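Fold and contact review
One-letter residues, chain by chain:
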Amino acid sequence: MSKPLAERMRPQTLDQYVGQKHLVGEGAILRNMIDAGRISSFILWGPPGVGKTTLAQIIANKLETPFYTLSAVTSGVKDVRDVIERAKNNRFFSSASPILFIDEIHRFSKSQQDSLLGAVERGIVTLIGATTENPSFEVIRPLLSRCQLYVLKSLDKDDLLQLIDRAIHEDTELQKRKINLEQTDALLRYSGGDARKLLNILELVVEADSNEEVVITDEIVVNRLQQNPLAYDKDGEMHYDIISAFIKSIRGSDPDAALYWMARMIEGGEDPEFIARRLVISASEDIGLANPNAMLIANAAFDAVMKIGWPEGRIPLAEAAVYLASSPKSNSAYLGINKALGIVQQTGNQPVPLHLRNAPTKLMAELGYSDGYKYSHDYPGHFVQQQFMPDELVNTRIWQPQHSASEEKLYQNMLACWGDRFK
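Throughout what follows, the structure given in this document is the object of discussion. (Residues numbered from 1 in each chain as written. Predicted model: local features only at pLDDT ≥ 70, side-chain atom pairs only at ≥ 80, totals over all residues. Heavy atoms only, no water.)

We now examine the packing of aromatic side chains. Any aromatic ring pair is given by two values, namely how distant the centres are and how the planes are angled relative to each other. In this structure the tally under the stated criterion is four aromatic pairs. Ring geometry for Phe67 against Phe101: centres 6.2 Å apart, planes inclined by 20 degrees, an arrangement best described as stacked. Of this pair, Phe67 sits in strand E2 (residues 67-71) while Phe101 sits in strand E3 (residues 99-103), and the two are 34 residues apart along the sequence. Its relative accessible area of 1% is what places Phe101 among the buried residues. Aromatic side chains Tyr260 and Trp261 sit 4.8 Å apart centroid to centroid with 70 degrees between the ring planes, which places their arrangement in the edge-to-face category. Here Arg421 stacks its cationic end above the ring of Trp418, 4.6 Å away from the centre of that ring. (Phe/Tyr/Trp six-rings, centres within 6.5 Å; stacked < 30°, edge-to-face > 60°. Helix = DSSP H or I, 4+ residues; strand = E, 2+ residues; numbered from the N terminus. Buried < 20%, exposed > 50% of the residue type's maximum accessible area, 1.4 Å probe, protein only. Lys NZ or Arg CZ within 6 Å of the ring centre and 35° of its normal.)

This is the structure we're talking about:
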């Protein structure tokens, strides 16, 4: 029986690899390490079907080093220790460390991740992890600190069209058919930037047509797929589409829609912790200072879900979703920190004014550290005007208050303190 098209088309070299030019293109960081023959441990974070597993296999082939793979879904601590022991025995002084590839590393428990630390730190194995979830939440800090993090992007239109063209003209099975590709919009849309899904759809459409000439149009693709509108793939495009609809419904102040999309996630078996995290993010990004209690409610929902689990966890999640959706909105803090980061990137490491510096030693005091600093609580209203920004950025405005009852109070307080600076 022939392998699936996606497996037959799996790239064997970096020259065949499609997408991720920011990592493996000429002169890119991963490409340089691979060409040098030495890589450090790293984690690949990105959506499904963008080449995480393939990239790990290409690296192992290029470096000609033993390659071990574990799935976080089926492997336990014993499996990890067994692989590390085998890696020790296969390690030669002149060769690169064996590569241990862990798919869905975000599903590894803390004890499983702990069991990797020593081997990674001593160079017994070079770890390559793959995850579709934010490693900051899912990977323990000691392991994350020992790995570089590389973000993979969904394949763009040109990448996907290149894949289709290669499959039609290079795959041994598809070459046997006369394929007329009249339209590609549906193929691209349903693939969602996922190479594996794209090739699976292409193969499905071709195999379903018994004619000598296979004509591919948008209508034919849609009819062949006959997608179930209730389908929910936690590792696929629907996952990202529905969470996007959920967050945008909260941002758009529609509690009915927020509850509907939450129900879709729950019915689809979504991880409740994932939903709870998104609520915390929404509370800070979209509600923010317009209603500071939103963050408290979202965090309380997160804690409750972790304590009580399913199915009761749906209730505090729903409570938080309704509260956030029906709250006034402000993204002033979100815009403020982004503007501040932009200023830092443009102006570099501006020196801290002397009067704001700490003076724990006599020498520092003699150099003028902390000299002239005014302690706010010694003044009426616990405020006194003085310079807090670097000299080059004096009077630079970053935070721009927005019009909500809660934020208006903050704004009026700033006007009382700073006067014209905040007008």
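Next comes the rest of the account.
Note that Ser376 resides in the loop between helix H19 (362-366) and helix H20 (405-418). It is 9.6 Å that separates the C-alpha atoms of Ser376 and Gln386, two residues lying 10 residues apart in sequence.

What follows covers the nonpolar core. Leu202, Ile216 and Val221 are the most contacted members of the largest nonpolar core, which totals 27 residues. Put simply, the parts of the chain that give this core at least two residues each are helix H1 (5-8), helix H9 (157-170), helix H10 (185-191), helix H11 (195-207), strand E7 (213-216) and helix H12 (218-225). It is H11 that provides the largest number of residues to this core, a total of seven residues. When residues no more than four places from it in sequence are discounted, the contact partners of Leu202 are Leu5, Ile164, Ala167, Leu174, Leu187 and Ile216. With 25 residues, the next largest nonpolar core counts Ile243, Ile275, Leu279 and Val305 among its residues. (Core = buried A, V, L, I, M, F, W, Y, C linked by side-chain atoms within 4.5 Å. Contact = heavy atoms within 4.5 Å.)

Looking only at helix H3 (residues 29-36), the buried set comprises Leu30, Arg31, Met33 and Ile34. Around the axis of H3, the buried residues are gathered within 165 degrees of arc, so they sit on the same side. Its buried side turned inward, H3 meets helix H2 (21-24), strand E1 (42-45), helix H4 (52-63) and strand E5 (148-151). Gly37 sits one or two residues past H3 and shows a positive phi near 85 degrees. (Arc of directions from axis to C-beta.)

One way to put it is that helix H5 (residues 77-89) packs onto helix H6 (residues 110-121) with a least axis distance of 9 Å and a crossing angle of 15 degrees. With respect to H6, the axis of H5 lies roughly parallel. Classified by chirality, the crossing of H6 by H5 is right-handed. Residue-level inspection shows Val77, Val80, Arg81 and Ile84 of H5 in contact with H6, the latter providing Ser111, Gln112, Ser115, Leu116 and Ala119. Residues belonging to the contact of H5 with H6 are distributed by class as follows: five nonpolar, three polar and one charged. (Axes fitted to C-alpha atoms, helices over the stretch in contact; angles between N-to-C directions. Parallel < 35°, antiparallel > 145°, perpendicular 65-115°, else oblique. Left-handed = near helix turned anticlockwise from the far one by under 90°. Nonpolar A, V, L, I, M, F, W, Y, C, P; charged D, E, K, R; others polar.)

Quantified by volume, the largest pocket comes out at close to 560 Å³. As for the largest pocket, its lining consists of 30 residues, of which Arg10, Gly49, Val50, Gly51 and Arg196 are closest to the centre. Taken together, the elements giving at least two residues each to the lining of the largest pocket come down to H1, H4, strand E4 (126-131), H9 and H11. Ranked by residue count, the leading element in the lining of the largest pocket is H11, at four residues. For the lining of the largest pocket, a count of residues per class yields 13 nonpolar, nine polar and eight charged. (1 Å grid on protein atoms, 1.4 Å probe; cavity = no way out; pocket = protein on both sides within 12 Å on 5 of 7 lines; lining within 4 Å. Points joined across faces, edges and corners; volume = space filled by probe spheres on them.)

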